[in-house]
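Here are the chains, one letter per residue:
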Amino acid sequence: MKPIFTRGPSFTLRLSIVIACCVGLLIADNKYNLFSPARVYLNSIVAPIQYIADAPQKLFSSFSENIMTRQALVDRNQQLEKDNLHLKADRLLLGQLQSENKQLRELLNSEKKFKYKRMITEVMSLRSDPFTHQLLIDKGALNGVYLGQPVINEQGVVGQVSQVGSTTSRVVLIVDATHGIPVRVQRNDVIAIVHGSGAWDQLKVPFVQSNADIKEGDLLVTSGLGGRFPAGYPVAKISRFEYQEGELYATVTATPVADLDRSRYLLLLWNDDPLADADLTLDTPELFDAPVQ
């Protein structure tokens, strides 16, 4: 008689097959980027859900802004007028500096120009855990956003775009453990590379010679190397510089200048450097500005 219930493969065998398939898919995606088109479509599909999930927060923010007292609005307007006056004064100085810079470049026969397109974007959500630090923003491929695009706020560098959907994108922050960016010390132009540590308030600066002219409090700005970030944007300040006799490298850490977990609005930059269109590789340390580093 044929048994009613047939015994299939053991649970251990089925689990092993599933794990092997998962590992194979992860390796294929990591090495050959096979599922990038699928991720773009999936991002587009879930975008409406993300907007709906973000709606209550926007509604609450709008309600809070509408119930501000008249005196608060008057005080805010006065402060904005003062800030505007300072900005106008700075603009006068900037015009003079631009004129002098143009004359010097003409003397040096240099054609380099710094004209970067910018776009404001709003943060929709924050994803943070021991393994990743990312933001979701409300701009995507339809707005011209591209992979590896620099992202800043009014304080300094925030990160760069790591995934692009049609109407939303993900930004990997500079504190993410997979991110790195080439910088220079503003005081003396010493070159270094800043890596994320996985902590909100700390960055690593590896491979710094023990006799390097770097001090606590030094400001690190983007160097422009790697073709991702334009040069000159603030990144971090040196918070610790220690070395022991006989050691080749010093222990150096830095603190981000930007409040990465408090920004509501960010700026997307378009870099005119042709290297900025290079593919973003998450495990290629040679691309110093890519979110791998």
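You'll find the structure just up there.
Residues numbered from 1 in each chain as written. Predicted model: local features only at pLDDT ≥ 70, side-chain atom pairs only at ≥ 80, totals over all residues. Heavy atoms only, no water.

1. Some details on the overall build of the chain
Across its full length, the chain holds three helices and 13 strands. Per-residue burial over the chain gives 32% buried out of 293 residues. Put simply, 61% of the contacts in the chain that link residues at least 6 apart link residues at least 24 apart. (Helix = DSSP H or I, 4+ residues; strand = E, 2+ residues; numbered from the N terminus. Buried < 20%, exposed > 50% of the residue type's maximum accessible area, 1.4 Å probe, protein only. Contact = heavy atoms within 4.5 Å.)

2. Considering the nonpolar core
Counting 40 residues, the largest nonpolar core has Val158, Val205, Leu220 and Leu268 as its most contacted members. Apart from residues lying up to four places away in sequence, Val158 is in contact with Leu135, Val151, Ile152, Asn153, Val172, Leu173, Ile174, Ala258, Leu260 and Leu266. (Core = buried A, V, L, I, M, F, W, Y, C linked by side-chain atoms within 4.5 Å.)

3. Some words on the sheet that holds strand 13 (residues 265-270)
Taken together, six strands build a closed barrel; the order of strands is 1-2-5-4-3-13 and the barrel is antiparallel. The sheet shows a mean angle of 45° between the axes of neighbouring strands, direction not considered. In this sheet, strand 13 lies alongside strand 1 (residues 117-129) in antiparallel orientation, the contact comprising six bridges. For Ile120, the partnering residue across the bridge sits in strand 13 and is Leu267. (Pairing = 2+ DSSP bridges. Axes fitted to C-alpha atoms, helices over the stretch in contact; angles between N-to-C directions.)

4. Observations regarding the pattern of salt bridges
Tallied over the full model, the rule gives six salt bridges. Linking Arg264 and Glu122 is a salt bridge whose minimum nitrogen-to-oxygen distance equals 3.4 Å. Here Arg264 is found in the loop between strand 12 (249-256) and strand 13, whereas its partner Glu122 is found in strand 1, with 142 residues between them in sequence. For Arg264, a relative accessible area of 31% corresponds to the partly exposed category. A relative accessible area of 11% means that Glu122 is categorised as buried. Asp189 is the partner of Arg184 in a salt bridge, and the nearest nitrogen-oxygen pair spans 2.7 Å. You can call Arg184 partly exposed: its relative accessible area is 22%. Because the salt bridges share partners, they merge into one network encompassing Arg187, Asp213 and Asp218. (Salt bridge = Lys/Arg side-chain N within 4 Å of Asp/Glu carboxyl O.)

5. A word on unusual backbone geometry
Not every positive phi belongs to a glycine, and Asp189 is a case in point at roughly 70°. Mapped onto the secondary structure, Asp189 falls in the loop between strand 6 (180-185) and strand 7 (191-196). Looking at Asp189, the relative accessible area reads 47%, which means it is partly exposed. One non-glycine residue, Phe207, lies in the positive phi region at around 60°.

6. Concerning the side chain of Lys139
Residue position: Lys139 is located in the loop between strand 2 (132-137) and strand 3 (150-152). Setting aside residues no more than four positions away along its own chain, Lys139 makes contact with Met119, Ile120, Thr121, Val145, Thr167, Thr168, Ser169 and Leu268.

7. Re the state of the cysteines
The final tally for this structure, using the stated rule, is zero disulfides. No disulfide involves Cys21; its sulfur sits 6.9 Å from that of Cys22, the nearest cysteine. On the basis of relative accessible area, Cys22 is assigned to the partly exposed category, the value being 42%. (Disulfide = S-S within 2.5 Å.)

Purely geometric numbers; function is a separate question.
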